[in-house]
Amino acid sequence: MAGTLYIVATPIGNLNDMTPRAAATFGSVDFIAAEDTRVTLKLLNHLGLKKPMVNYFEHNKREMGEKVLERIQAGESCALCSDAGMPAISDPGEQLVKDALAQGIQVVPIPAASACVTALAVSGQDTGRFAFEGFLPMNTRQRRERLAEIQNERRTLIFYEAPHKLRATLDDLIRTFGPERSITLCRELTKLHEEVQKTTLEKAAEYYSQQPPRGEYVLVVAGAPEKEPEDGLTLEQAAQLAKSLMEEGLPASAAAKKAAVGTEFSKSQIYRMIVKQEDSE
């Protein structure tokens, strides 16, 4: 009988955020598939646990993923974890979950902190609807193309960013969304130097042009504002439209009725304006 793949969230910074269920899962499985075994070893030492581990990361996910699933199919249970947060979210674990489900393997979530939702909760931005974009491409052209695709997105946008890329990303966000768009920069969440700063894209770029970015960032960007409704026709313009329709052969009453569609004016108001305009000509 096949074993189980557990998707285990780990603290995003503060080890005290480790959940009892996650700790118990690490203790019960046969082995752990870790993004970096050195990082996970520190966590296991904190928990007083010893477990066999394998490295599962972006550049070996195909080969190692097959080996992990073979062991699970043979009856072993495995805990998948990343260095921090929820595995499989903007993470190579995504592929392992897909392949496990395709093979009929049971996949069980062991949830806890996730940097994107944690940042959203304290961002001061709209939280009812949001879109998670993860890491933007490193290539400048590809990054700008990705941003162009979501230029008019009205939902709150969430990005992950490394410190060495932050300035270039802020410049491209200004280029796409404009300097006045609201942004909340969440740095080193749950860690000693945690910082949450709500500002505008322009002010954020100015600040980090003087200050070196430090730590991992979650950027929470306000969605595109609602478009202002287009101004409707004035009464005079509606009357002119009705007169154009009359020139095409419509009777005055029918022309006024047709010109009234989609405006705030009634047929009779437009008809009276037609008469008034004709009297003044």
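As a reminder, the structure under discussion sits directly above these lines.
Summary of the structure given here. Just so we're clear, the structure is a prediction, and the values are computed from it rather than from any experiment.

**Overview of the overall build of the chain**
So, point 1. Regarding its fold elements, the chain presents 11 helices and 10 strands.
So, point 2. Computed over the C-alpha atoms, the radius of gyration of the chain is 29 Å, more than 25% above the 19 Å expected from 2.2 N^0.38 for a compact globule of 281 residues.
So, point 3. In terms of its C-alpha atoms, the chain occupies a principal-axis envelope of roughly 95 × 55 × 35 Å.
So, point 4. Within the chain, buried positions represent 43% of all 281 residues.
So, point 5. Taking the intrachain contacts of the chain between residues at least 6 apart in sequence as the baseline, contacts between residues at least 24 apart amount to 69%.
So, point 6. Looking at charge distribution, the chain has the averaged site of its 33 positive side-chain charges lying 2 Å from that of its 39 negative ones.

**Thoughts on the packing of helix H6 (residues 140-149) against helix H7 (residues 166-177)**
So, point 1. Between H6 and H7, the least distance of the axes is 10 Å, while the angle of their chain directions is 40°. Relative to H7, the element H6 is oriented oblique. In the packing of H6 onto H7, the handedness of the crossing is right-handed. Between H6 and H7, the contacting residues are Thr 140, Arg 143, Arg 144, Leu 147 and Ala 148 on the first element and Ala 168, Thr 169, Asp 172, Leu 173, Arg 175, Thr 176 and Phe 177 on the second.
So, point 2. Its residues placed into classes, the contact of H6 with H7 shows five nonpolar, three polar and four charged.

**Observations concerning the packing of helix H9 (residues 235-247) against helix H11 (residues 267-280)**
So, point 1. Contact geometry for H9 and H11: axes closest at 9 Å, N-to-C directions at 80°. In terms of their interaxial angle, H9 and H11 are classed as roughly perpendicular. Across from Leu 235, Glu 236, Ala 238, Ala 239, Gln 240, Ala 242, Lys 243 and Met 246 in H9, the residues of H11 making contact are Gln 269, Ile 270, Met 273, Ile 274, Gln 277 and Glu 278.

**Examining the pattern of salt bridges**
So, point 1. Tallied over the full model, the rule gives 12 salt bridges.
So, point 2. The salt bridge involving Glu 94 is made with Lys 98; its shortest N-O contact spans 3.4 Å. Taken together, the residues span about one helical turn, with Glu 94 and Lys 98 both in helix H4 (residues 93-102) at a distance of four residues.
So, point 3. On the basis of relative accessible area, Glu 94 is assigned to the partly exposed category, the value being 40%.
So, point 4. Among the salt bridges present, the one from Glu 161 reaches Lys 165, with a minimum N-O distance of 3.3 Å. Taken as a pair, Glu 161 and Lys 165 share a single burial class, namely buried.
So, point 5. By sharing partners, the salt bridges in this structure join Arg 143, Arg 144 and Asp 172 into a single network.

What counts, and at which threshold
- Residues numbered from 1 in each chain as written.
- Predicted model: local features only at pLDDT ≥ 70, side-chain atom pairs only at ≥ 80, totals over all residues.
- Heavy atoms only, no water.
- Helix = DSSP H or I, 4+ residues; strand = E, 2+ residues; numbered from the N terminus.
- Rg over C-alpha atoms; globule rule 2.2 N^0.38 Å.
- Buried < 20%, exposed > 50% of the residue type's maximum accessible area, 1.4 Å probe, protein only.
- Contact = heavy atoms within 4.5 Å.
- Lys, Arg positive; Asp, Glu negative; His and termini not counted.
- Charge placed at Lys NZ, Arg CZ, Asp CG, Glu CD.
- Axes fitted to C-alpha atoms, helices over the stretch in contact; angles between N-to-C directions.
- Parallel < 35°, antiparallel > 145°, perpendicular 65-115°, else oblique.
- Left-handed = near helix turned anticlockwise from the far one by under 90°.
- Nonpolar A, V, L, I, M, F, W, Y, C, P; charged D, E, K, R; others polar.
- Salt bridge = Lys/Arg side-chain N within 4 Å of Asp/Glu carboxyl O.

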